[in-house]
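The lines below spell out each chain.
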Amino acid sequence: MKLVFATHNQNKFIEVKTMLPHHIELLSLTDIGCNEDIPETADTIEGNAILKANYVRDNYNLNCFADDTGLEVKSLNNAPGVYSARYAGNTHDSTANIQKLLKNLEGKEDRSARFKTAIALNVNQEEIMFLGICEGEIIKELRGDSGFGYDPVFQPKGFDKTFAEMTLAQKSEIGHRGKAMRQLIAYLSK
Ligand code: IMP
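Here's what I pulled together on the structure shown here. In every chain, residue numbers begin from 1 and rise along the written sequence. Thresholds applied to this predicted model are a pLDDT of at least 70 for local features of residues and 80 or more for the giving and counting of side-chain atom pairs; totals over whole chains, interfaces and linings are not thresholded and use all residues. Heavy atoms throughout the structure, all of them, feed into the side-chain values; hydrogens and water do not.

1. Describing the nonpolar core
As used here, the term nonpolar core means buried Ala, Val, Leu, Ile, Met, Phe, Trp, Tyr and Cys residues forming a set that is joined through side-chain atoms within 4.5 Å. Note on exposure labels: buried denotes an accessible area under 20% of the residue type's maximum, exposed denotes more than 50%, and partly exposed covers the range between, all computed with a 1.4 Å probe on protein chains only. If you look at the biggest cluster of nonpolar residues, it comprises 19 residues, and the most contacted ones within it are Leu71, Val73, Leu101, Ile138, Tyr150, Val153 and Phe154. For this core, the secondary structure elements donating two or more residues are strand S3 (64–73), helix H3 (94–105), strand S5 (112–123) and strand S6 (126–138). Under the scheme used here, helices are H or I runs from DSSP no shorter than 4 residues and strands are E runs no shorter than 2 residues, and both carry numbers assigned from the N terminus. Here this core takes four residues from H3, the largest share from any one element. Not counting the four nearest positions on each side in its chain, leucine 101 is found in contact with Leu71, Val73, Leu76, Pro80, Tyr87, Ile138, Tyr150 and Val153. Of all hydrophobic cores here, the second largest spans 18 residues; its members include Ile119, Leu121, Phe130 and Leu184. Here a residue-residue contact requires only that any non-hydrogen atoms of the pair lie within 4.5 Å.

Here's what the structure looks like:
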């Protein structure tokens, strides 16, 4: 079975490809000749995943899935959420995003937060959503230099390390994206 992963992110693509059962031939957007940035104009994380998956189904008539992730901070009314990549502006600058987040949390008692990954799968006329959630808190300073995005300030619940102080394997085991991906893989392996 051919299945498109609606991403231009080569790292994500390789990570997922190595996890999938062999009967699935995973194709990237580039593989199907789609070089556009699919608009992410929904106002929820789930909505953006659905938009991207539907774009591929509607324009290429292929089975596909798409993911979207956001960081939800409780005392900021779940911001930055769907705007996580562009919290401090359209440059998608992680350092600026973290600085804005730390500033907005100054003086707040409750620093609890969670990452949420939504994966929308469109396969054989079915639409299925998988969610992966990782609870934790935003610490006051940056620690670690692995990972990306908000990893240096996100400490998952029950751990004394940030995501940026963990190996990719550790992060995948307990993290939002790994949890959602494992549900997708279990479904496709049936
Ligand atoms: P995307 O939907 O995977 O592109 O993620 C949107 C934004 O959320 C990214 O630009 C990052 O700022 C943030 N983000 C997503 N996943 C992670 C993660 O695993 N760690 C830290 N930040 C993340």
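The discussion continues.
2. Topic: the packing of aromatic side chains
Only centres within 6.5 Å qualify two rings of Phe, Tyr or Trp (six-membered ring in Trp) as a pair; their planes then separate them into stacked at under 30 degrees, edge-to-face at over 60, and tilted for everything else. In the structure shown here, the tally under the stated rule is five aromatic pairs. Both rings, one in phenylalanine 5 and one in phenylalanine 65, keep their centres 4.5 Å apart while their planes meet at 20°; by these two values the pair is stacked. Pair noted here: phenylalanine 5 is in strand S1 (residues 2–5) and phenylalanine 65 is in strand S3, with a separation of 60 residues, a long-range link. The burial state of phenylalanine 5 is the same as that of phenylalanine 65; both residues are buried.

3. A look at the site of the ligand
Thr69, Asp151, Lys171, His176 and Arg177 are the nearest of the 13 residues found near the ligand. A 3.5 Å cut-off defines polar contacts: any pair of N or O atoms within that distance qualifies, except that in protein one atom must be a possible hydrogen donor and the other a possible acceptor, and neighbouring residues in sequence count only when both atoms are side-chain atoms. Between the ligand and lysine 12 there is a distance of 3.1 Å, counted from an oxygen atom to a side-chain nitrogen or oxygen. Between the ligand and lysine 171 there is a distance of 2.7 Å, counted from an oxygen atom to a side-chain nitrogen or oxygen. All accessible areas in this document rest on Shrake-Rupley with a 1.4 Å probe, and a residue is counted as covered only by the protein chains that are shown. Within the complex, the protein chains bury 85% of what would otherwise be the 470 Å² of accessible surface of the ligand. When atoms are counted within 2 Å of each cavity's grid points, the one that captures over half of the ligand is the largest pocket. Taken together, the residues that form the shell around the ligand break down as four nonpolar, four polar and five charged. When at least one non-hydrogen atom of a residue lies within 4 Å of a molecule or strand, that residue is treated as near it. Of the grid points, spaced at 1 Å and generated over the protein atoms alone, those admitting a 1.4 Å probe that cannot get out make up cavities, while open sets with protein on both sides within 12 Å along at least five of seven lines make up pockets; any residue with an atom within 4 Å of a point is treated as lining. A molecule is said to be in a cavity or pocket once over half of its atoms fall within 2 Å of that pocket's grid points. Gly is put with the polar residues, along with every residue not named as nonpolar or charged; the nonpolar set is Ala, Val, Leu, Ile, Met, Phe, Trp, Tyr, Cys and Pro, and the charged set is Asp, Glu, Lys and Arg.

4. Examining the side chain of glutamate 72
The topology assignment puts glutamate 72 in strand S3. Look at glutamate 72 and you get buried, because its relative accessible area is 11%. Once residues lying within four places of it in the same chain are set aside, the contact partners of glutamate 72 are Ile45, Asn78, Ala79, Gly81, Ala113, Arg114 and Lys116.

5. Looking at the environment of glutamate 109
With respect to the helices and strands, glutamate 109 occurs in the loop between H3 and S5. Sequence spacing of glutamate 109 and lysine 140 is 31 residues, and the spatial spacing of their C-alpha atoms is 12 Å.

6. Structural notes on H3
Look at H3: 16 Å from first C-alpha to last across twelve residues, which is about the 16 Å you get at 1.5 Å a residue. Among the residues making up H3, those that are buried are Asn97, Ile98, Leu101, Leu102 and Leu105. Projected down its long axis, H3 carries its buried residues within an arc of 130°, all on one side. Exposed side chains of H3 directed beyond 90 degrees from the buried face belong to Thr95 and Lys103. By definition here, a helix of n residues has an expected span of 1.5 Å times n minus one. Taking the helix axis as origin, the arc is that swept by the directions to the C-beta atoms.

7. Some details on the pairing of S3
For S3, a buried count of nine out of ten residues is recorded, marking the element as mostly surrounded by other parts of the structure. As paired strands, S1 and S3 are joined by two bridges and run parallel to one another. Counterpart to valine 4 in the pairing with S3 is cysteine 64. Relative to S5, S3 runs antiparallel, the two being bridged by ten bridges. Of the residues in S5, the one forming a bridge with glycine 70 is lysine 116. When DSSP locates at least two bridges between a pair of strands, those strands are taken to pair. Bridge count between S3 and strand S4 (residues 79–81): three bridges; the pairing is antiparallel. The residue bridging leucine 71 from the neighbouring strand is glycine 81, located in S4. Where S3 folds back onto S4 in an antiparallel hairpin, the turn is made up of five residues, including asparagine 77, whose phi is positive at roughly 55°.

8. Comments concerning the pattern of salt bridges
Whenever Lys or Arg places a side-chain nitrogen within 4 Å of a carboxyl oxygen from Asp or Glu, that contact is recorded as a salt bridge. Taken as a whole, this structure holds 15 salt bridges when the rule is applied. As a salt-bridge pair, aspartate 58 and arginine 57 come within 3.1 Å of each other at their nearest N and O atoms. By relative accessible area, aspartate 58 is classed as exposed at 56%. Given the relative accessible area of 28%, arginine 57 is considered partly exposed. Here glutamate 141 ties to arginine 143 by a salt bridge, and the two come within 3.4 Å at their closest N and O atoms. We classify arginine 143 as partly exposed; its relative accessible area is 24%. Via salt bridges that share partners, Glu46, Glu72, Arg114, Lys116 and Glu135 belong to a single interconnected network.

Everything listed is a geometric property; what it means functionally is a separate question.
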